[in-house]
Amino acid sequence: MECSYVVWLSYSGLGNRMLSLASAFLYALLTNRLLLIDRGADMADLFCEPFPETSWLLPLDFPINQWSSFNKNAPQSYGSLLKCKAISNVPDGNANGSSLPAYVYLHLGHDYGDFDKLFFCEDDQQLLRKIPWLLLRSNVYFVPSLFLIPTYEEELGRLFPQRDTVFHHLGRYLFHPTNLVWGLITRSYRSYLAKAEERMGIQVRVFDAANAPVQHVLDQILACSLAEKLLPDVSLHDPVISSTVTGSKVVLVTSLDSVYFEKIRSMYWEHPTTTGEIVSVYQPSHEEYQQTEKQMHEMKAWAEMYLLSSTEVLVTSAWSTFGYVAQGLGGLKPRILLRPENGTMPKPPCRRALSMEPCFHTPPYYDCKAKVVIDTGAVIPHVRHCEDVSWGLKLVDQAKRL
Ligand code: GDP
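None of the values given here were measured: they were computed from a predicted structure.

A few words on the domain arrangement of the protein. Looking at the protein, the domain boundaries give domain 1 (5-161) and domain 2 (179-342). One C-alpha centre belongs to domain 1, the other to domain 2, and the line joining them spans 35 Å. Facing 14 residues of domain 1, the contacting portion of domain 2 comprises 15 residues. Across the domain 1 to domain 2 interface the summed buried area is about 1200 Å²; carbon plus sulfur atoms make up 66%. Summed over the shared surface of domain 1 and domain 2, the result is one salt bridge. Residue R17 pairs with E298 through a salt bridge whose shortest N-O separation is 2.6 Å. In this structure, the connection of domain 1 to domain 2 is made through four residue pairs in polar contact (both at pLDDT 80 or more). For the side of domain 1 that touches domain 2, the elements supplying multiple residues, two or more each, are helix 1 (14-30) and helix 2 (43-46). Among the elements that make up the side of domain 1 that touches domain 2, the one with the highest residue count is helix 1 (six residues).

With that out of the way, let us pick up the site of the ligand. In the vicinity of the ligand there are 19 residues, among which N16, R205, H297, S320 and T321 approach most closely. One of the backbone N or O atoms of F322 is found 3.5 Å from an oxygen atom in the ligand. Within the complex, 97% of the 560 Å² of free accessible area of the ligand lies under protein. Secondary structure elements with two or more residues in the shell around the ligand: helix 1, helix 12 (295-309) and helix 13 (321-330). In terms of residue count, the dominant contributor to the shell around the ligand is helix 12 (five residues). Split into classes, the residues belonging to the shell around the ligand amount to five nonpolar, ten polar and four charged. Here the shell around the ligand spans two domains, since at least three of its residues come from each of domain 1 (5-161) and domain 2 (179-342).

Reading the values: rules and limits
- Residues numbered from 1 in each chain as written.
- Predicted model: local features only at pLDDT ≥ 70, side-chain atom pairs only at ≥ 80, totals over all residues.
- Heavy atoms only, no water.
- Domains from an automatic or database assignment.
- Contact = heavy atoms within 4.5 Å.
- Buried area = accessible area lost by both parts, 1.4 Å probe.
- Salt bridge = Lys/Arg side-chain N within 4 Å of Asp/Glu carboxyl O.
- Polar contact = N/O pair within 3.5 Å; in protein donor to acceptor, adjacent residues only side chain to side chain.
- Helix = DSSP H or I, 4+ residues; strand = E, 2+ residues; numbered from the N terminus.
- Near = heavy atom within 4 Å.
- Areas by Shrake-Rupley, 256 points an atom, 1.4 Å probe, with all protein chains shown as cover.
- Nonpolar A, V, L, I, M, F, W, Y, C, P; charged D, E, K, R; others polar.

Put into structure tokens, the structure is as follows:
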């Protein structure tokens with residue numbers, strides 16, 4: 001009865017889930033709470049238990065189980081309780097401590113409201129400390145904003161002297177593929193990736209297909225890869241057979257669609273490279289559309305994020321949490337394919353990430369003390385705006401930037 005808990009509720013695509021789960025774990029560490037997770041449809045099929053001799057899965061007979069109805073307007077949510085003044089975030093505002101609920105639902109999803117956002121304020125953290133059960137649902141990487149809460153600053157500095165390694169360490173600590181997923185990973189790796197001298201990953205995620213015709217996306221991938229010298233150019237005139245082989249490279253493409261893989265592979269089959277390198281191209285699956293919570297579909301997604309993380313050079317798509325997981329686990333600073341504006345290719349077509357950290361897409365912009373809107377990307381040196389989402393926040397290593 002003396003323990004306090006964070007219960008993480010499953011929600012959204014797999015990349016989003018992994019980012020929010022790592023964030024919830026860090027929050028549990030900072031607040032001396034135990035983390036339990038709602039297994040959802042597939043969490044137990046995807047991940048091994050990270051903590052020896054115990055389980056992080058919430059027991060199936062857990063008495064509070066109506067959370068599928070919890071959303072941003074739920075009366076049990078922290079924001080709703082504040083809004084209707086059922087609880088007070090003023091220091092010592094709940095004179096009668098026993099009136100506090102035994103649990104509160106924390107809605108930290110992308111669509112959260114201003115009252116929910118007060119979660120990131122110091123006074124609210126003091127209040128939440130008195131509530132033993134926090135049920136947290138999120139689909140975002142909210143870690144950067146935890147760095148802006150003064151109470152946690154010192155501990156975070158001790159845990160992560162290098163600020164841009166948070167997801168790298170937490171992800172590698174928490175996320176271990178189950179044997180079935182590990183089978184997918186190792187069979188792909190041994191068959192297609194292990195033998196090449198160099199491995200490159202290209203993660204293609206198209207959010208707005210109507211405004212991103214295949215040829216535009218392909219042109220952008222090639223423009224980025226050739227300009228950054230990640231891939232060799234092909235020669236349309238040289239002899240069809242290169243006399244010398246100067247190296248071998250394998251390109252791992254991940255996408256719901258197979259068209260980018262087909263086109264890049266054809267390019268290197270139909271023409272020799274100008275450098276004499278041999279380029280092979282591989283795509284493990286093309287699932288056509290997102291099928292969240294379908295077991296084999298999610299296993300493939302997890303295996304592909306892991307395989308991308310094993311490459312030495314990575315190109316990712318802007319805004320994609322799938323790509324963030326791969327870069328974070330791999331400790332890679334990818335080239336990010338920026339989102340086209342008005343249907344034209346951005347210039348330059350891609351940007352090198354400032355750090356391997358994921359971006360928090362929907363951070364609060366609030367100065368809790370002054371009670372005014374501020375730019376939270378300009379408060380401390382290691383929390384900055386993201387390369388791909390200008391209003392987002394991400395951790396960077398200040399020392400490296402200087
Ligand atoms: P995001 O939407 O790009 O931020 O990434 P998420 O992982 O949260 O959600 C996208 C979901 O679509 C994934 O979890 C997969 O289920 C599916 N998906 C998207 N891209 C790929 C891909 O390249 N390969 C596979 N196997 N699944 C994908």
